[in-house]
Amino acid sequence: MGSPWKPLLLLSVISGLSDFARAVAARPISYAALLRMKQDSSSSVLNSRSRPRQHHGDGGGGGGLVTPDWPPFSSHPLSALSLLSSQEDYQSEESEEFGPVFILEPDDVIFPLDSTEKKVVMQCDARGNPPPTYSWFINGTEVVEEADYRYSLIDGNLIITNASEISDYGKYQCKAENRFGSILSRDALLQFAYLGAFSGKTRGGVSVREGQGVVLMCTPPPHSPEIVYSWVFNEFPSFVAEDSRRFISQDTGNLYISKVQPSDVGSYICLVKNTVTNARVLSPPTPLTLKTDGVMGEYEPKIEVHFPTSVLAAKGVTVRLECFALGNPVPTITWRKINGNIPKKARLRKSQAVLEIPNIQLDDSGTYECKAENPRGGTSFKGQLQVYTFPQWVRMINNTQMDSGEKLHWECKATGRPRPTYLWLRDGLPLTPQGHVVVMNGDLTIHNAQRTDSGMYQCVAENKYGAIYSSAELTILASPPVFVPNPVRVIATLGKDVSLECKPRASPKPRVTWKRGDRRIQPNKRIMLLRNNTLRIVNSSRADEGNYVCLAENQFGSAEMTAMLWVKEAMRVELSPVRVEVTVGESVVLSCKATHDTSLDVAFQWLFNQRPINFQQDGGHFEYIQTVRARQSSTVDLMIRSILLRHAGKYGCRAQTSADTVFAEAELLVRGPPGPPGVVIVEEITDTTATLSWTRGLDNHSPISTYNLQARSPFSLGWQTVKTDPDPVTGNMESAIAVELNPWVEYEFRVVASNAIGTGDPSAPSRGVRTKEAVPSVAPANVSGGNGRRHELVISWEPVSEEFQNGEGFGYIVAFRANGTRGWKEKMVTSADSTTYKYRDETFPPLTPFEVKVGVYNNKGDGPFSKVVVIHSAEGEPREAPTDVKAHSFSSSEIRVTWKPPNPGPGRPRGYEVSYWKDMEQEESGKKQKTVKNETSMVLTRLDGNSVYLIIVKGFNSIGQGPASAAVTAKTRKAPPAQPPANLMWIQEGNNVSLSWDPVKANDNESDVIGYMVLLKQEGRGHNQVTRTINPSTMLSLPEGGTYIMEVRALSEGGEGAVSSQVRVVTSSGVRAKSNQCSVHCLPRSLAWTALLLVLLVPSASW
C-alpha cells in the first residue's frame, strides 16, 4: 500500500514549481533568451538577424508582461513536466554565453597631489559570460602589474599607488576580454592637480606718473589645472575691486590699471587659487609709487590684454573673451560681431572688459571685435571664434548572428566638427581589409561570412577633440539540424484545421521534407506545406490521426522530428444565467459548464469586459469556485459578492484543452443609486433665488424619484440642502428654483438624484455665481457699551457677518439719546468691520443713561435697527486721592503702607498704585507697585536698611489715574547682625538636649539683638520646630530616635540675623551624649565646659 503522504508531497512540489514559474515570468529577457527565441520561434521580430545592444540596468520596469490567471480545473498529466521544462529553459538562458559588454568605462580624473589617499582609481566594469578579464593601457602601452608594484587590478579597476605626474600622467584605456573576443574602452585622461609656491625673491617696485597706465605682473607658480587670479591691496583680505579703471585678466593673471590715481599707491600681492584643490598662495608684494616729475597728460587708448586671434571652444561651454586698454581718460570698451549680431544670451562683465557667451553653439562662431575709445582716439582688436563638437553617434552597430556563408553589412555614422574619421577594431586590434572583408569609412562588409569571422567588433569615430566607441558581437552559426523538443504531441479538434510545425535549429537553413510512415507526403487541397515548413491539414478527421515525420538536412548533417497527432471531439461551453439583474450589495453566481473529450483536461478562465479577473486583487468581490467533475463535463462557478455598480458588464468564461479553446459570455445588470446628474447651469439669478437646470444622469436600472438641490458659499459648512420651488423636485424634472438664498453671496450649486435603491453621487459643482444686492435685513446683535474716558459714551456691538450684508457699501447707523429726551442723534459708521463707536460731549455728567440702538445700511438702502438698550456714559478716572495714608517699617527691608479709599462717586478706583523713593532722590527715579484688585494695604520689600522713604498712593481704573495722596515718610530699621551665633555646645540626656552658644553683639550700624531663634528639624521629616529665647541657651526635646539638625539665628528689630553652623545629633532612647566638637570660633575646651556648667546652674525662665 502506497504511503499516504506522497500525494501531498507531489502537490507541494508542483505548487512550489508554479510559484517559481510565475517568478521567472517577471524577469527581464536576457541576450541568451533572445538567441534561443530566434531559433525556436516563427515570429518575424525574433527572426531578425540583428538585435539591439542590451544596456546594463535595462531590466524590469513598470510595464512587464502580464500573465493571465488560469486556475486549472484539474492537474494535467504534463503540467508538472511543463513547469520543470520552464525552469530548465530559464537556467539555459542564464548559462547562455556571450562576449563582453561595458557597464562602466573609465572617466577623466584630476587627482590632487596633496591628497592623503595617495591612490588613484581608474574604474572599468563589463559583463559577459564567461566573466571578462581586464587589462589596461597607458598611452598605448600595456600595464604590467608584475613590473611595477604601484599598479594593481581589483575586478576591472586599475589602482595606482603613490601616483606621480611624471610617470602616470596620460591617456588610459581598459580592455575587457573573454573567449568570444575583446573590446577597448574610451580614452580617459589622468591629470594631477597641484599649485606650487611663488618665488621668494623680492619684487622690484613700479613707479609711474599720475594718469599713466600700468601693468602689474603676477607670474604664477607651476600649477595644474586652471587657477583663478585675484589681487590683494596692502594687506589681506583687502582685495582690489575691478571697475572700468582696473582689470584682472584670468588669462594672464596680471593687474591692469588704465589710469593711475594717488589712491592706487601701495603694495600689491597676487593671489592664485587652484580650482580643484582650493589651495591658495600669495606672491611677494609689488610696491606701486608715483613719480614726482609731473602728471601724465591725456593719451589715446592702447589695448594691453585681449583674446587670441583664434579661439577654439567646445560646443555647450561658456566662452570668455577679454579686452582691456590703458588710456587717459579711462577708455570705454565696446563689442561687436563682424557680419552678424552678438548672441542675445551673451553678457558683458567687468565694466564691459569681458564678453561672456554661455552654452556656445555652432551659430555663435565668427569674428568678434572689441574697441577701446576715449576723447583722444580709439583702437580695436579682432579675433576668430571657432566652435568644435565632439563626435556623437547617429547610427551604431548592434550584436548580430547569422548563418555561415551569408553577407554582413554594418554601418556606423557619427556627427562632429571637424567631421570624424572611422576606425574598425576586431578584438581590440585594427581590422585589416582582406579578401572577403571590406572596410570603407564607417561601413564594414564581410562577404561569405565564416565561423572564423566571429568575434567582438568596434567602430571608432574620432576627430581631433575626442573618440567614441560602438561595440557589437558577431556570431556566425554553423551547425547540423537539431529538434527540441522531439517528439511533439499535437491534439486537434474534429473538423478544425491543424498545423504541424517543423522548426529545427540549424545553420545554414536546412531542406525540409514531410513523411507519414514510409511515404513522402504530397501536398493536395486538404494537406498543404507552407513556406515556413509547417504542414497544414484542413478539416481534420479521425483518419488523420497518426505519426508525421519532418526530415531536415544541410551540409553538416540531418535530423528527424516526429509529430504525434490526435483528433478529438469539439468542446461545448454553456454559461448560465445568460442575463441577470441584481441590486447593489447583493450577490450572484455564474456557472460555466464545459462538455469535452474524457481524455482531455480542461482549464477555465473568467473574464470581465474582455479582461482576465485577478482573484488575488479583487478577492473581496470575486471568488473562483471549482465544482465536481462529471464523466464528460467539467463545471466551475464565479461568485460575485457585495456587488457594486462598477461590476455591471459582460462576464466571459474561457475553457481550454490541449485541443481547442471555447468562449461563452453572460451579461450582468446592476440596479443601484442613480449616477451623478450632468452639468448644472445657473440660468437666472435674483437677490434670493437661482434658477437651475441639469441633464439627467444614469438611473442604474431603477427610476429616479427625486432630486435634491444643494448649495455652498464661503459662509456655509460644506454643502447644504436648499429649499426649492417646486418642492419636491421629482425625477422627471430637469430644472428647479433654489429659494431663500442670501443676497450678495457667491454660491455654487450641485444636484443629487435619488431612487428606490438610495441616493447617488452629486453632480459636479456649477460655476460660482453671486446673488443680486438687496437692502440689509439683519440688525447688529449684543448692543452694549460703557467705560471710556470722562464725558465719553462708548457703544459696541457684534458686527454683521458678510453673509448678511446683502450688498456693497455696507455700514452702521448708531442712534442714541439721553433718557427723557425725544430726538435721536444718528452717526454713520462706514466700516463693515467696526464694532465700536465713541461719542464725546463735555456737557453731560459721568454715568448719564442713554437709549441706544444700532442699524445697518448698504447701497440699496437702510435696514432694520437693533432693540433699544440703555448704556451709561463713562464715569472717568478717579477724582479724589486716597486718604489716611500711613506707613511704618517692621524690618530693615520692609515697610507696610495702608490707606483709606476716596469717597464713593463717579470715577471709582479699580486698584491703587504706590510710588516710593528715598529722601535724597527725585520722585521720577523711584519705584512703583500696583495692588491686586481693590486692596487698601501693601508691603514694600527689598528696601535699603536704615533709610528714609517718601510714599504716595494714587487710585486708578480703566480710564486712567487719579490724583496722588500727600507724601508720607517711613524709615527702615537697621540691618540685622551679620555675625552668626558661634561656639554651639550641646549635651544630650535621654530625649532632651541642652544647647548653648556665644551671645551675638551688634555693630553700630546694625539693630540690637532682642533674642534668638532656634530651628530643630529631623532628617527625612518635613516638620520643623522653632523655639525663641532671649538667652544664649535653650533646652530642646527630641521626641524619638533619629538624626536631628539644629541652627541658631539672632533676632533684632531689623529682622533675622545670619544663621549659625549646623549641629547634627544622632539620638537613641536612654543614651547620654555630649558634643565632641564645636562650631567655628570654638573656645578652649576647658573654658567651654566651665561656661556651660555656669549656665546650667543659673536659674533661667527658658529652662
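Details of the structure are given in the entry above.
Another point: the overall build of the chain. A count of helices and strands for the chain gives 5 helices and 90 strands. When the 1103 residues of the chain are sorted by exposure, 43% land in the buried category. Taking the intrachain contacts of the chain between residues at least 6 apart in sequence as the baseline, contacts between residues at least 24 apart amount to 66%. With the model as given, the accessible surface of the chain reaches about 58300 Å², and the carbon-plus-sulfur share is 50%.

So, on to unusual backbone geometry. For the bond from Asn486 to Pro487, the omega torsion is 0°, close enough to zero to count as cis. Mapped onto the elements of the fold, Pro487 is located in the loop between strand E38 (479-482) and strand E39 (488-493). Residue Pro726 follows Asp725 across a cis peptide bond; omega there is 5°. Positive phi, normally seen in glycine, also occurs at Gln610, with a value near 70°. Given a relative accessible area of 54%, Gln610 falls into the exposed group. We note that Arg942 has phi near 60°; this positive angle belongs to a residue other than glycine.

Turning our eyes to something else, we now look at the sheet that holds strand E54 (residues 633-640). Read across the sheet, 4 strands follow the order E48-E50-E54-E53 without closing on themselves; strand pairing throughout is antiparallel. Single-partner strands in this sheet number two, and they are strand E48 (572-576) and strand E53 (622-626). The mean inter-strand angle of the sheet, taken between neighbouring strand axes irrespective of direction, is 15°. Both E48 and strand E50 (residues 588-595) contribute to a ladder of 5 bridges, which runs antiparallel. Across the sheet, residue Arg572 finds its bridge partner in E50, namely Thr595.

Here we come to a nonpolar patch on the surface. On the surface, Phe236, Phe239 and Leu282 cluster together into a nonpolar patch covering about 300 Å² of accessible area. Along the chain, Leu282 turns up in strand E19 (residues 280-282). Its relative accessible area of 44% is what places Leu282 among the partly exposed residues.

Further remarks concern the sheet that holds strand E8 (residues 157-161). With respect to topology, 3 strands assemble into an open sheet ordered E3-E8-E7, the strand pairing being antiparallel. In this open sheet, the two edge strands, each paired with only one partner strand, are strand E3 (119-122) and strand E7 (151-154). On average, each strand axis in the sheet is inclined to that of its neighbour by 25°, with strand direction left out of account. Pairing of E3 with E8 involves 4 bridges; the strand directions are antiparallel. Across the sheet, the residue bridging to Met122 is Leu158, located in E8.

Turning our eyes to something else, we now look at the state of the cysteines. Note on terminology: disulfide describes a covalent bond linking the sulfur atoms of two cysteines. Within this structure, the stated rule accounts for 6 disulfides. Put simply, Cys218 and Cys270 are joined by a disulfide, and their sulfur atoms are 2.0 Å apart. Measuring the twist about the S-S bond at about -75°, one finds the Cys218-Cys270 disulfide to be left-handed. With Cys218 in the loop between strand E13 (214-216) and strand E14 (223-224) and Cys270 in strand E18 (residues 266-274), the pair connects residues that are 52 residues apart, well separated along the chain. Each of the two residues, Cys218 as well as Cys270, counts as buried.

Take the pattern of salt bridges next. Tallying each qualifying case throughout the model produces 34 salt bridges. With its nearest N and O atoms 3.0 Å apart, the salt bridge here joins Arg209 to Asp293. Of this pair, Arg209 sits in strand E12 (residues 206-210) while Asp293 sits in strand E20 (residues 286-295), placing them 84 residues apart in sequence. Asp884 is paired through a salt bridge with Lys900; the nearest N and O atoms lie 3.6 Å apart. In this pair, Asp884 sits in strand E74 (residues 883-889) while Lys900 sits in strand E75 (residues 895-900), placing the two residues 16 residues apart along the sequence. Overall, Lys900 belongs to the partly exposed group, its relative accessible area being 46%. The network of salt bridges with common partners includes Arg579, Glu581, Glu667 and Arg671.

Time to look at the pairing of E74. Sheet topology note: the E74/E75 ladder contains 5 bridges and is antiparallel. By the bridge assignment for E75, Ser889 is matched with Ile895. Hairpin connection from E74 to E75: 5 residues lie between these consecutive antiparallel strands.

What follows is about the environment of Ser754. Note on placement: Ser754 falls in strand E64 (residues 746-755). Sequence spacing of Ser754 and Tyr707 is 47 residues, and the spatial spacing of their C-alpha atoms is 6.3 Å. A distance of 3.0 Å separates a polar atom in the side chain of Ser754 from a polar atom in the side chain of Thr759.

Now for the nonpolar core. Counting 28 residues, the largest nonpolar core has Phe604, Trp606, Leu638, Ile640, Tyr651 and Leu668 as its most contacted members. Every element with two or more residues in this core is listed here: E48, strand E49 (579-583), E50, strand E51 (603-608), E53, E54, strand E55 (649-656) and strand E56 (661-671). Dropping the residues within four chain positions of it, Leu638 is found in contact with Val588, Val589, Leu590, Trp606, Ile613, Phe615, Phe622, Glu623 and Tyr651. Within the second largest apolar cluster, 23 residues are counted, among which are Val120, Trp136, Ala163 and Ile183.

Before going further, it helps to examine the packing of aromatic side chains. Counted by the stated rule, this structure contains 26 aromatic pairs. When the centroid spacing of 5.0 Å and the interplanar angle of 45° are considered together, the rings of Phe233 and Tyr268 count as tilted. On the criterion of sequence distance, the pair formed by Phe233 in strand E15 (residues 227-233) and Tyr268 in strand E18 is long-range, its members being 35 residues apart. With a centroid separation of 5.5 Å and 65° between ring planes, the pair formed by Trp410 and Tyr457 is classed as edge-to-face. Linking Trp410 in strand E30 (residues 408-411) with Tyr457 in strand E36 (residues 455-463), this pair joins segments that are 47 residues apart in sequence. On the basis of relative accessible area, Trp410 is assigned to the buried category, the value being 6%. Clustering of aromatic rings is evident, with ring pairs tying together Phe816, Tyr837, Tyr839, Phe844 and Phe850. Note that Arg489 overlies the ring of Trp566, its terminal NZ or CZ placed 5.3 Å from the centroid. Directly above the ring of Trp744 sits Arg770, whose terminal nitrogen or CZ lies 4.5 Å from the centroid.

In this structure, Thr706 sits in strand E59 (residues 704-712). With relative accessibility at 30%, the residue Thr706 sits in the partly exposed group. Sequence separation between Thr706 and Asn755 is 49 residues, and the spatial gap between their C-alpha atoms is 6.9 Å. Each residue touching Thr706, except ones within four places of it in the same chain, is listed here: Val729, Thr730, Gly731, Val752, Ala753 and Ser754.

Conventions we followed
- Position numbers for residues count from 1 along each chain, tracking the sequence in the order it is written.
- The model is predicted, so local features are restricted to residues of pLDDT at least 70 and side-chain atom pairs to those at 80 or more, both for listing and for counting; the totals for chains, interfaces and linings are taken over all residues.
- Where side-chain values are given, they derive from all heavy atoms of the structure, hydrogens and water being excluded.
- Strands are runs of DSSP state E lasting at least 2 residues, helices are runs of H or I lasting at least 4, and numbering of each runs from the N terminus.
- Summary of the burial criterion: residues with accessible area below 20% of their type's maximum are buried, those above 50% are exposed, and those between are partly exposed, where the area comes from a 1.4 Å probe applied to protein chains only.
- Any two residues having at least one pair of non-hydrogen atoms within 4.5 Å are treated as being in contact.
- Residue exposure ignores everything except the shown protein chains as possible cover, and the areas themselves are Shrake-Rupley values with a 1.4 Å probe.
- Here a strand pair is declared whenever DSSP counts at least two bridges between the two strands.
- Helix axes are fitted only over the stretch in contact, all axes being lines through C-alpha atoms; the angle between N-to-C directions runs from 0 to 180 degrees.
- Within this analysis, patches are made of residues with over 30% relative accessible area and no salt bridge. Like charges are joined at 9 Å or less; nonpolar side chains (Val, Leu, Ile, Met, Phe, Trp, Tyr) at 5 Å or less.
- Salt bridges are identified by distance alone: a Lys or Arg side-chain nitrogen within 4 Å of an Asp or Glu carboxyl oxygen.
- Working definition: a disulfide is two cysteine sulfur atoms within 2.5 Å of each other.
- Polar contact is defined as a pair of N or O atoms within 3.5 Å, subject to the rule that within protein one atom must be able to donate a hydrogen and the other to accept it, and that residues adjacent in sequence are counted only when both atoms are side-chain atoms.
- Each nonpolar core is a collection of buried residues, namely Ala, Val, Leu, Ile, Met, Phe, Trp, Tyr and Cys, held together in the definition by side-chain atoms within 4.5 Å.
- Ring geometry is summarised as follows: Phe, Tyr and Trp rings, the Trp one being its six-membered ring, pair when their centres sit within 6.5 Å, and such pairs are stacked at plane angles under 30 degrees, edge-to-face over 60 and tilted between the two.
- A positively charged side chain is recorded as over a ring if its NZ (Lys) or CZ (Arg) lies within 6 Å of the ring centre. The angle to the ring normal must also be within 35 degrees.

Read these as layout, nothing more, since geometry by itself doesn't imply function.
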